[in-house]
Amino acid sequence: MTDDAGRREQYAAIFRILAEVYGRPVWRSHGPPLDELIGTILSQATADVNTARAYAELTARFPTWEAVMDAPPEAVSAAIRSAGLSQIKGPRIQNALRHIQRERGELSLDFLAEMPLDEALAWLMRIDGVGPKTAAIVMLFSLGRPAFPVDTHVHRVAGRLGLIPPRTSANKAHDLLAALGPPESYYPLHINLIHHGREICHARNPHCHLCPLQDLCDDYLARAVRAADA
Ligand code: SF4
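All values reported here derive from a predicted model rather than from experimental measurement. (Residues numbered from 1 in each chain as written. Predicted model: local features only at pLDDT ≥ 70, side-chain atom pairs only at ≥ 80, totals over all residues.)

**Student:** Break down the overall build of the protein for me, citing the residues and quoting the values.
**Tutor:** Along the backbone of the protein there are 12 helices and 0 strands. When the helices and strands of the protein are placed in sequence order, the string is α-α-α-α-α-α-α-α-α-α-α-α. The C-alpha atoms of the protein give a radius of gyration of 19 Å, which matches the 17 Å a tight globule of 230 residues would have. With respect to the three principal axes, the spread of C-alpha positions in the protein is 65 × 35 × 30 Å. Classification of the 230 residues of the protein by burial places 35% in the buried group. (Helix = DSSP H or I, 4+ residues; strand = E, 2+ residues; numbered from the N terminus. Rg over C-alpha atoms; globule rule 2.2 N^0.38 Å. Buried ≥ 20, exposed ≤ 12 C-beta atoms within 10 Å, placed from the backbone.)

As structure tokens, this is what we get:
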């Protein structure tokens, strides 16, 4: 299934089946966009539980984002140690805060709610260490704007299913996935693809025998054809 209409049909069917299996997650704001940005930087390359612990520690030690921005770098790194890579994430967070302060004169990203989506994503990606995934997460999770974040699970599962062409980079996949379905589908499908990647479509040894998407999966169908030919 490779043409655009075929991919849109495939997207709609995958959306429906995953919603039947895992439920349909309902969007609610995760909080102010600046909080989401800091949390997302903390979450890079670590598990959710570590992110939550580091975020709680950071906000307990520093009462405001201004205090984080002005703190000694080693104090910020110490506060976020449980998130891992604290010597990278600490300076990244402080640089992001300085960037926002310099550009906007205050530590707030609330203005992004009113900015056209492409401009808002581009604005965020001018911050060092902020790529398409982080920018899309801030826009979707905090503000409910129609961006489709692609993390490692979404990238892997969408690639196997054939929703994105082979060897599509994660950075390119954001726009390709967003083009396949309506904006209100982005949040629930993003969450359900992650769920599916964690539960069934593992990076190594996907549990295809348990997967409700076999008939919609390019990778599975290609393997089935090869096995039949052997
Ligand atoms: S059939 Fe296998 S490879 Fe395809 S989505 Fe399901 S678990 Fe992943």
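**Student:** Can you lay out the domain arrangement of the protein for me, pointing to particular residues and giving the numbers?
**Tutor:** For the protein, the assigned domains are domain 1 (4–26 + 149–224) and domain 2 (33–142). On the side of domain 2, 6 residues touch domain 1, which itself brings 8 residues to the contact. Sorting the residues of the side of domain 1 that touches domain 2 by element identifies helix H10 (170–178) and helix H11 (186–199) as the ones contributing at least two each. Per-element tally for the side of domain 1 that touches domain 2: the top contributor is H10, with 3 residues. (Domains from an automatic or database assignment. Contact = placed C-beta atoms within 7 Å.)

**Student:** Tell me about the site of the ligand, residues and numbers included.
**Tutor:** Around the ligand, the structure places 14 residues, and the nearest of them are Cys201, Cys208, Cys211, Cys217 and Tyr220. Among the elements that line the shell around the ligand, the one with the most residues is helix H9 (residues 152–161), at 3 residues. The residue makeup of the shell around the ligand, split by class, is 10 nonpolar, 2 polar and 2 charged. (Near = placed C-beta within 6 Å. Nonpolar A, V, L, I, M, F, W, Y, C, P; charged D, E, K, R; others polar.)

**Student:** Residues and numbers for the environment of Thr46, please.
**Tutor:** Among the structural elements, Thr46 can be located in the loop between helix H2 (33–43) and helix H3 (48–61). Residue Thr46 is classed as partly exposed on the basis of its 16 C-beta neighbours within 10 Å. C-alpha of Thr46 to C-alpha of Leu85: the two residues are 39 residues apart in sequence and 9.0 Å apart in space. Dropping the residues within four chain positions of it, Thr46 is found in contact with Thr51, Ala83 and Gly84.

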